[in-house]
Amino acid sequence: MSLNVMAESDQFNPAFLQQLKVLRDQALDSQLAYEITESLTTEVGARLAGSPGDAKAVAWAQAKFKELGFDRVMTEPVPLKRWTRGQETARILSPFPHNLAITALGRTHPTPDEGITAEVVHFATLADLQAADKSEVAGKITFISERMVRSQDGSGYGKAVAGRGLTAQVTAAKGGVAAIIRSIGTDNNRTPHTGGARYDKDIPSVPAGAISNPDADLLVNMLKRNKPVTLQLKLTSHWDGDYTSQNVIGDMLGSEKPDEYIVIGCHLDSWDLGTGALDDAAGCGITMAAAKLIHDTIGPLKRTIRVVLWANEEYGISGAIAYHEAHKNELKQHILGGESDLGADKIYALGTRVAESALPTVDTMMSLLKPLDIEYAGNQGSSGADLIPMRRAGMAVFGLKQDASSYFDYHHTANDTLDKINPESMAQNVAAWIVVTALAAEADHDFGFGLSEE
């Protein structure tokens, strides 16, 4: 895309653009997003889908939307299968006894009550495990030691996370009895990273957990001595029946097109080890604050700004699926969508997936984002996981790309807590979300529908 910015007055009222610039700059000094995030992490904390924390978070979200003055607050049911964490222990029995820091992977099966004791077989990558003969794996505990690479855009996560997703199923298919992986994270702390494994009731699986990165290093060093390593593993996490959570929705109603929606938001649930500050209370704070500041400062815009706090992103994108199902007959009224779900560090780029006819408005967005040190990342972008069903149905999306260099030090660990958030960086996020959201809500045109996934 060429950023030959059209005269702003050709697209938007100059007075509106001036107000938006002033609000963008004022937002850099706002503490509202941080205050919302502090409220969620302090008053609710961990909120694994289906847990008591989940129900508390739904009640918190309804009350917070009302407190912030949203015009309409709604909940929509989200059915899900509840997964509950249990006991988690791992101990090397021989040749050198050690306790390992471990956490179960979401959606995996429990060990027997007495645990599982077996020899460890090591594979550097998931591909190596997939290529192994069944005789190498049968009766053993598999261990994948692939290390996640740190990167600004978080791409190292995508390259390593397949091991977390598939190891339990591949191990089962080859006759193994359990699986462990090096945590999918970039830290060197003894805080293991949880996360969802793939699950299908018709595909065999085994108990599976992630060990901390230092413990993975220890285990690799032990295996280098070419002596059998025996591990005792106890993971009692399990499926625990049906549950109905809620998507919580807050609307700032549009003045001219109230039934057309600019959809922004976060996922309300979190894993249960920390307080879910970065993942994803921060996203809730950022998007709720952006909508509030737009409404209070430059008044209702033409379209409705809809903030969705989706349920159970972490082990099923259940809220995303339920939202799509609930709104499948009004998809074309969903004009543009974006999700904040990569922490709270500064945004460095905007990516879009919109019709070519909408690119002049993206030019205008970029002219207002440049002072925030944000570049354009092209028109082949995506957005957060909770918008996948809507994007696949044709909705135009955008992604405000946050610096993820340190995010995966804390992601899905007990260290995902409020102290990891820099309020100044969070305020820069809010300023950027204000620019994109307000321009989309005030634009007279749509952003395309039925866009190709190619």
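In case you missed it, the structure is sitting above this.
As the structure is a computational prediction, the values presented were derived from the model and not from experiment.

A. Region of the structure containing the sheet that holds strand 8 (residues 208-211). Within the open sheet, the eight strands sit side by side as 3-2-9-5-6-7-8-4. Their pairing is mixed. Every interior strand has two partners, whereas the edge strands, strand 3 (98-100) and strand 4 (102-104), have only one. Within this sheet the neighbouring strands show an average axis-to-axis angle of 30°, counted without direction. In this structure, strand 7 (residues 178-182) lies alongside strand 8, joined through four bridges in parallel fashion. Across the sheet, the residue bridging to R182 is I211, located in strand 8. Sheet contacts for helix 7 (residues 162-173): strand 6 (141-144), strand 7 and strand 8; angle to strand 7, the most-contacted strand, approximately 155°. Packing of helix 8 (residues 213-223) onto the sheet brings it into contact with strand 2 (88-94), strand 3, strand 5 (116-123), strand 6, strand 7 and strand 8, and relative to strand 3 it is tilted by some 140°.

B. Geometry of the environment of T117. Summarising the element assignment, T117 is placed in strand 5. Overall, the relative accessible area of 47% leaves T117 in the partly exposed class. Put simply, T117 and A90 are 27 residues apart on the chain and 9.7 Å apart in space, counted from C-alpha to C-alpha. Once residues lying within four places of it in the same chain are set aside, the contact partners of T117 are L93, T230, L231 and Q232.

C. Seen up close, helix 3 (residues 52-68). Look at helix 3: 24 Å from first C-alpha to last across 17 residues, which is about the 24 Å you get at 1.5 Å a residue. The set of residues buried in helix 3 consists of G53, D54, A57, V58, W60, A61, K64, F65 and L68. Buried residues in helix 3, looked at end-on, bunch into an arc of 165°, giving them a common side. Set apart from the buried face of helix 3 by more than 90 degrees, the exposed residues are P52, K66 and E67. In this structure, the buried residues of helix 3 make contact with helix 2 (32-43), strand 1 (72-84), strand 10 (238-252), helix 9 (277-298) and strand 12 (303-310).

Rules and cut-offs
- Here the residue numbering is sequential within each chain, running from 1 through the sequence in written order.
- pLDDT decides what is reported in this predicted model: residues at 70 or higher carry local features, side-chain atom pairs at 80 or more are listed and counted, and totals for whole chains, interfaces and linings draw on all residues regardless.
- Only hydrogens and water are set aside when side-chain values are computed; all heavy atoms of the structure are taken into account.
- In this description, strands pair whenever DSSP reports at least two bridges between them.
- Only runs of H or I of at least four residues qualify as helices and only runs of E of at least two qualify as strands under DSSP, and these elements are numbered from the N terminus.
- To get an axis, a line is fitted to the C-alpha atoms, and for a helix only the part in contact is used. The angle between two axes follows their N-to-C directions and goes from 0 to 180 degrees.
- In what follows, residue pairs with any heavy atoms lying within 4.5 Å of each other are defined as contacts.
- The rule is simple: take the accessible area with a 1.4 Å probe, protein chains only, and divide by the maximum for that residue type; under 20% is buried, over 50% is exposed, in between is partly exposed.
- The length a helix should cover is 1.5 Å for every residue beyond the first.
- The arc in question is the one spanned by the directions pointing from the helix axis to the C-beta atoms.

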